[in-house]
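Residue-level structural notes
Residue-level listing of the chains:
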Amino acid sequence: FTDPSVYELTSLMGFDGIWLDLEHRNFSDRDVQALLVQSHLHDIDIMVRTPTIEKTKLYRYLEDGATGIMVPHVNNAERAKYLVDALRFPPIGDRGRDGAGLDADFYVGDSEEFLAKANSETFLVVQIETPEAVLNVDAIAATPGVDGMFVGPGDLGLRLKHYKGDMTIESAFATVAAACRKHGKAWGTPVASPEILRQ
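Okay, so let's go over this structure. Residue positions within a chain follow its written sequence, with the count starting from 1. At least 70 in pLDDT is required for a residue's local features to be given in this predicted model, at least 80 for side-chain atom pairs to be given and counted, and no such filter applies to totals for whole chains, interfaces and linings, which use all residues. With hydrogens and water excluded, all non-hydrogen atoms of the structure serve as input to the side-chain values.

A closer look at the overall build of the chain
- A tally of regular secondary structure across the chain gives 10 helices and six strands.
- Here the globule rule reads 2.2 Å times residues to the power 0.38, and the radius of gyration is calculated from C-alpha atoms. Expected size for 199 residues packed as a compact globule is a radius of gyration near 16 Å; at 17 Å, the chain falls within 12% of this value.
- In terms of overall dimensions, the chain has a C-alpha envelope of 55 × 40 × 30 Å along the principal axes.
- Only protein chains enter the calculation, and the probe is 1.4 Å; a residue is then buried if its accessible area is under 20% of its type maximum, exposed if over 50%, and partly exposed in between. Within the chain, the fraction of its 199 residues that count as buried is 44%.
- Partitioning the contacts of the chain with sequence separation of at least 6, the portion at a separation of at least 24 is 66%.
- Residue exposure ignores everything except the shown protein chains as possible cover, and the areas themselves are Shrake-Rupley values with a 1.4 Å probe. Counting only carbon and sulfur atoms, one obtains 54% of the accessible surface of the chain, whose full area is about 10,700 Å². In this text, helices come from DSSP runs of H or I with a minimum length of four residues, and strands from runs of E with a minimum of two, each type numbered from the N-terminal end. A contact between two residues is defined here by any heavy atoms of the two lying within 4.5 Å.

Side note on helix 3 (residues 55-63)
- Inspection of helix 3 places Lys 57, Leu 58, Tyr 59, Tyr 61, Leu 62 and Glu 63 among the buried residues, and these make up the whole buried set.
- On the buried face of helix 3, the contacting elements are helix 2 (29-41), strand 2 (45-49), strand 3 (68-71) and helix 4 (77-87).
- Downstream of helix 3 by a residue or two, Gly 65 has a phi angle that is positive, lying close to 120°.

Observations regarding the nonpolar core
- Residues Leu 20, Val 48, Ile 69, Leu 124, Val 126, Ile 128 and Met 149 are the most contacted members of the largest nonpolar core, which totals 42 residues.
- Here Ile 128 is in contact with Val 74, Ala 133, Val 134, Val 137, Ile 140, Met 149, Phe 150, Val 151, Gly 152 and Val 176, once residues within four sequence places are set aside. Within this scheme, the nonpolar core is defined by two criteria: the residues are buried Ala, Val, Leu, Ile, Met, Phe, Trp, Tyr or Cys, and they are joined through side-chain atoms within 4.5 Å.

Observations regarding unusual backbone geometry
- A cis amide bond links Pro 90 with the next residue in sequence, Pro 91, at an omega value of 10°.
- Mapped onto the elements, Pro 91 comes out in the loop between helix 4 and helix 5 (111-121).
- A positive phi is found at Asp 43, a non-glycine position, where the angle reads about 55°.
- Turning to its location among the elements, Asp 43 is positioned in the loop between helix 2 and strand 2.

Concerning the sheet that holds strand 5 (residues 148-151)
- Spatially, 1-2-3-4-5-6 is the arrangement adopted by the six strands of the open sheet, whose pairing is parallel. Each edge of the open sheet is held by one strand with a lone partner, namely strand 1 (17-21) and strand 6 (186-188). Pairs of neighbouring strands in the sheet enclose a mean axial angle of 20°, with direction left out of account.
- Pairing between strands requires that DSSP locate at least two bridges from one strand to the other. Sheet analysis places strand 1 next to strand 2, joined by five bridges and oriented parallel. Within strand 2, the position partnered with Asp 21 by the bridge is Arg 49. A fitted line through C-alpha atoms serves as each axis, taken over the contacting stretch for helices, and the angle formed by two N-to-C directions is quoted from 0 to 180°.

Side note on the packing of aromatic side chains
- Aromatic rings from Phe, Tyr and Trp, taking only the six-membered ring of Trp, are treated as a pair when their centres fall within 6.5 Å; an angle between ring planes under 30 degrees marks them as stacked, one over 60 as edge-to-face, and anything in between as tilted. Within this structure, the stated rule accounts for three aromatic pairs.
- The interplanar angle of 70° and the centroid separation of 5.2 Å between the aromatic rings of Trp 19 and Phe 150 together place this pair among those described as edge-to-face. Remark: Phe 150 occurs in strand 5 and Trp 19 occurs in strand 1; sequence separation between them is 131 residues.
- On the basis of relative accessible area, Trp 19 is assigned to the partly exposed category, the value being 39%.

Digging into the pairing of strand 3
- Along strand 3, one buried face is formed by Gly 68 and Met 70 and the opposite face, lined by Ile 69 and Val 71, is buried too.
- A clockwise path from the first strand over the helix to the second, with the strands pointing away from the viewer, defines a right-handed crossover. Running through helix 3, the crossover from strand 2 to the neighbouring parallel element strand 3 is right-handed.
- Here four bridges tie strand 3 to strand 4 (residues 123-128), and the two strands are oriented parallel to one another. Bridged to Met 70 within strand 4 is Val 125.

Describing the environment of Ala 172
- By the secondary structure assignment, Ala 172 is in helix 9 (residues 169-183).
- Taking relative accessible area as the criterion, Ala 172 reaches 0% and is therefore assigned buried.
- Separated by 42 residues in sequence, Ala 172 and Thr 130 have C-alpha atoms that sit 9.6 Å apart.
- Excluding residues that lie within four positions of it along the chain, Ala 172 makes contacts with Val 134, Leu 156 and Met 167.

Side note on the layout of surface pockets
- The calculated volume of the largest pocket comes to roughly 590 Å³.
- Buriedness of a pocket was judged along seven lines, with at least five required to meet protein on both sides within 12 Å; pockets are open sets of points on a 1 Å grid over the protein atoms alone, cavities are sets where a 1.4 Å probe fits but cannot get out, and lining residues have an atom within 4 Å of a point. Taken together, 25 residues form the lining of the largest pocket, with His 40, Leu 102, Asp 103, Lys 117 and Glu 121 sitting closest to its centre.
- Those elements that place two or more of their residues in the lining of the largest pocket are helix 2, strand 2 and helix 5.
- Looking at the lining of the largest pocket, the element that brings in the most residues is helix 5, giving five residues. Grid points are joined across faces, edges and corners, and a volume is the space filled by probe spheres set on the points.

Right under this line is the structure:
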């Protein structure tokens, strides 16, 4: 939704964050910027699922106020490292610096404090949506600067129908969960019922 009042209401209801899906929804850049400003006015985080992996576009979402970035179809550690480089400042990554964004309150007074805070409080979630990604998930989870994995069961299930191995959605969940446990990362997936949520 692009109505800013929805973002205030979501905050007032006690939710911690909003997932803003730009992969499958076509919002203008101005709409996104307005919604990100609204989130800061009402103390709710926004995780942007991006339609691109173009480096400057990715960190511009952060400059405009996003707290986290979710990136679809991350199949290997090389792509994960590229994303870390785009979204983290040195020494962790290679993000470009700008003090005139909402994330820096439009002024970087103590730049070292801002850079450290941005690196520690910005989160990166990568989507595991292919058998290749599941096979590489341990290396993806081991990538410093990746905070979480999100299993996309729709895309993964579609690809498993054409996969020649013995991987199932259930075994993929188990593989992702084990890799995240090993490397201290979070993971998630959409749920459709309380039973699936408990599982």
